[in-house]
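Examining the three-dimensional arrangement
So the chains spell out like this:
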Number of protein chains: 2
Amino acid sequence: MSLILALDIGGTQLRLAAFPNNSTTPLRTQRIPTQCPGESAYERLTGLLDSSWPDEPVAAISAACPGPLDPERGIILSTPNIPGWINFPLVEMLSSRYKVPVFLGNDANLAALGEWKYGAGRGHDNVLYLTISTGIGGGVICGGRLLTGAHGMAAELGHLTIQPDGPLCACGQPGHLEAISSGTGIARYVKEQIALGRRSALSGLTQFGAREIAAAASKGDELSLEAFSQAGKWLGLAVANYLHIFNPSVLIFGGGVSQSGDLLFDPMKRTMAQSVMDQGYLDGLEITNAQLGDDAGLLGALAQAQIMLR
Amino acid sequence: MSLILALDIGGTQLRLAAFPNNSTTPLRTQRIPTQCPGESAYERLTGLLDSSWPDEPVAAISAACPGPLDPERGIILSTPNIPGWINFPLVEMLSSRYKVPVFLGNDANLAALGEWKYGAGRGHDNVLYLTISTGIGGGVICGGRLLTGAHGMAAELGHLTIQPDGPLCACGQPGHLEAISSGTGIARYVKEQIALGRRSALSGLTQFGAREIAAAASKGDELSLEAFSQAGKWLGLAVANYLHIFNPSVLIFGGGVSQSGDLLFDPMKRTMAQSVMDQGYLDGLEITNAQLGDDAGLLGALAQAQIMLR
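Residues numbered from 1 in each chain as written. Chains lettered and ligands numbered in written order. Predicted model: local features only at pLDDT ≥ 70, side-chain atom pairs only at ≥ 80, totals over all residues. Heavy atoms only, no water.

With that out of the way, let us pick up the interface of chain B and chain A. Facing the 42 residues of chain B at the interface are 42 residues of chain A. Of all residues in chain B, Met153(B), Ile245(B) and Met277(B) bury the most surface against chain A, accounting for 19% of the area lost on that side. Across the contact surface, chain B and chain A share 20 residue pairs in polar contact (both at pLDDT 80 or more). Elements represented by at least two residues in the side of chain B that touches chain A include exactly α7 (222-246) and α8 (262-275) of chain B. In terms of residue count, the dominant contributor to the side of chain B that touches chain A is α7(B) (7 residues). Residue composition of the side of chain B that touches chain A, grouped by class: 20 nonpolar, 18 polar and 4 charged. (Contact = heavy atoms within 4.5 Å. Buried area = accessible area lost by both parts, 1.4 Å probe. Polar contact = N/O pair within 3.5 Å; in protein donor to acceptor, adjacent residues only side chain to side chain. Helix = DSSP H or I, 4+ residues; strand = E, 2+ residues; numbered from the N terminus. Nonpolar A, V, L, I, M, F, W, Y, C, P; charged D, E, K, R; others polar.)

Relating the two copies of this chain is a rotation about some axis coupled with a shift parallel to it. Once turned by 180 degrees and shifted 0.0 Å along the axis, chain B lies on chain A with an RMSD of 0.0 Å. Viewed as a symmetry operation, the transformation between the two copies matches a two-fold axis. Within chain B, Ile162(B) has its C-alpha nearest the rotation axis, a separation of 3.3 Å. A shared interface surface links the copies, since 100% of the contact residues of chain B are contact residues in chain A too. (Least-squares fit on C-alpha atoms with pLDDT ≥ 70 in both.)

On to the packing of helix α5 (residues 183-195) of chain B against α7(B). Angle between the axes and distance between the axes are the two parameters that describe a pair of packed helices. Residue and element names in this part refer to chain B. Two numbers describe how α5 lies on α7: the axes approach to 9 Å, and their chain directions differ by 135 degrees. Classed by the angle they form, the pair α5 and α7 counts as oblique. Crossing hand, α5 versus α7: right-handed. Taking contact as the criterion, the partners of Ile-186, Tyr-189, Val-190, Gln-193 and Ile-194 in α5 are, on α7, Leu-223, Glu-226, Ala-227, Phe-228, Gln-230 and Ala-231. Broken down by class, the residue content of the contact of α5 with α7 amounts to 8 nonpolar, 2 polar and 1 charged. (Axes fitted to C-alpha atoms, helices over the stretch in contact; angles between N-to-C directions. Parallel < 35°, antiparallel > 145°, perpendicular 65-115°, else oblique. Left-handed = near helix turned anticlockwise from the far one by under 90°.)

A pair can form between side chains of opposite charge whenever their charged atoms are brought close. All names here are of chain A. Evaluation of the coordinates by the stated rule reveals 12 salt bridges over all chains. Between Arg-44 and Glu-39 there is a salt bridge, and its shortest N-O distance comes to 3.0 Å. In this structure, Arg-97 engages Asp-50 in a salt bridge whose closest nitrogen and oxygen atoms are separated by 2.7 Å. Taken together, the residues span a long stretch of sequence, with Arg-97 in helix α2 (residues 90-98) and Asp-50 in helix α1 (residues 41-52) at a distance of 47 residues. For Asp-50, a relative accessible area of 39% gives the class partly exposed. (Salt bridge = Lys/Arg side-chain N within 4 Å of Asp/Glu carboxyl O. Buried < 20%, exposed > 50% of the residue type's maximum accessible area, 1.4 Å probe, protein only.)

This next bit is on unusual backbone geometry. Here the residue pair Gly67(A) and Pro68(A) is connected by a cis peptide bond, since its omega of 0 degrees sits within 30 degrees of zero. Backbone geometry at Ala155(A) places phi at a positive 65 degrees, although glycine is not the residue there. Note on Ala155(A): relative accessible area 2%, which makes it buried. Phi at Asn247(B) is positive, roughly 45 degrees, even though this residue is not glycine. Relative to the elements of secondary structure, Asn247(B) occurs in the loop between α7 and β12 (250-254).

Residue and element names in this part refer to chain A. Taken in spatial order, the 3 strands of this open sheet run β5-β6-β7, and their pairing is antiparallel. Both edges of this open sheet fall to β5 (69-70) and β7 (86-88), since each of them pairs with a single strand only. Pairing analysis gives 2 bridges linking β5 to strand β6 (residues 75-78), with the strands arranged antiparallel. Opposite Leu-69, over in β6, you have Ile-76 as the bridge partner. (Pairing = 2+ DSSP bridges.)

Before going further, it helps to spend a moment on the side chain of Ser249(B). For Ser249(B), the position within the fold is in the loop between α7 and β12. Take Ser249(B): its relative accessible area is 15%, and that puts it in the buried class. Within polar-contact distance, the side chain of Ser249(B) engages the side chain of His124(B) at 2.7 Å. Setting aside residues no more than four positions away along its own chain, Ser249(B) makes contact with Ala150(A), His124(B), Asn126(B), Gly284(B), Leu285(B) and Glu286(B).

Right, let's talk about the pairing of strand β9 (residues 127-132) of chain A for a bit. Residues and elements named next belong to chain A. A large share of β9 lies buried, amounting to 6 of its 6 residues. Residues Val-127, Tyr-129 and Thr-131 of β9 are buried on one face, and the alternating residues Leu-128, Leu-130 and Ile-132, pointing to the opposite face, are buried as well. Relative to strand β10 (residues 136-142), β9 runs antiparallel, the two sharing 6 bridges. Of the residues in β10, the one forming a bridge with Leu-130 is Gly-138. Remark: 3 residues form the turn of the hairpin made by β9 and β10, two consecutive strands paired antiparallel.

Functional significance is not addressed by these values, which are geometric in nature.
Below you can see the structure in the form of structure tokens.
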């Protein structure tokens, strides 16, 4: 029996899971911090692989990594949280070291692939997956295949302009969905309104985010309720646009901010329903939570290897 | 040798071309008006097929039709310019009458397919095709396959919200690309500005459209130049969004308004370049005109049949 070594490479943690080729239950898993004084992230990664290398034959290494990256060329173009990984040829370096096939994918895209194959998207051919946390990312399955585009840079679903004169996104462009409906966007809205003199249970606090705002909202804090209502409204407009573009049969929401539930999704659904050009886009449309949690990236990396080895 | 009968069904004309399965040169073509007193559009269509039915065996009928329609179920949901075609089971009706396989596709989607297989998109796997005329439509090739979505309603590329408080689109929603950068949108802008007291070579005329505005712009009419500049700017923002979503390697522009050339495309390219989140989206990106003109729908219908019969 051969194994697939799935990697989830993040700025904080490196995770590895060794899956039998035909199973989603790993034989073993391991996680270590990405950063350690005196060692590069690549040295940490090869250390993890060396120490976990199994006795069984390895069919492939498959890695999920924050983008932008080019899965076809196997190159990480730049990844904000790992210093030095600029135009970094990860696939070539790992495959020449370990002499096995190596596959690379964008972590949000692979999470979508994982949810489709093994989670909330099973049985669908057209899936829209959005993960809403500090930022907004996602992935799309179109006609039973992961959307990647010419250089693996497709499906940047948080970077849709919904307010041309809106707040700046982390990417530098104005009015992207991510700037408005992410945890960062929700917190910015509350802070701006407090600075303008609005009262809130959060007034006077300096450090708070979407989690604290959700807690305040659940206790009836008006500004916090309004912040989620705004974020949900603009999310609903963006999702209506994605329905026109992709016509999916299921919407899957993951990420920490999605845990806020109805606070975000009631206004999202209202605006989405008002903003579609034809009711047909809503017929039979399933709206659901992601099922794989933190394991979406690893299971997506597994699915990627299974598809590539087929 | 068997033939594929390609149909391009429009509100004004019905066109038929009989292609040998392995050729893009039709053995014969015919066109008739869609509307005729005392006859339904369906009777006109079957009349056209009956009178053109070849002696050679027919491998399939493949039809391009304005949407919304469901290619998988073979049903035209509604098509504004053909009265009575509401939930119209065209595929079932034609296949039971002619006893051959019948395929149906959205005309803008099939034009994209035609341009990809036989026109400006050859050699690319990721194609974004936009047709800009009275409205704005389009189609997308993702990883070598036509994007259709769960019910064939994907790729409504004109129905992207780019000005949430903008003018109403023909579909009833505010601020869609089609409402702003189509021929209709360009003419609305000029008429609004004239009504506000702006001077223009077109002042005093009651009937004019994008063609007349382009002619006035080419003679230096300031308002007409501004109208194209606005339309191009918003088109550029929409295209930047589509680059983030699809990461295509080629952009193909068709439709009458695209003939205005630099008037529209200079501002489009400027805004597109300013609005992408990463230069990688522009690297090697080809921007070109559609090559198939009025035949894109027929050649797309041919390509659809070839793919389905494979």
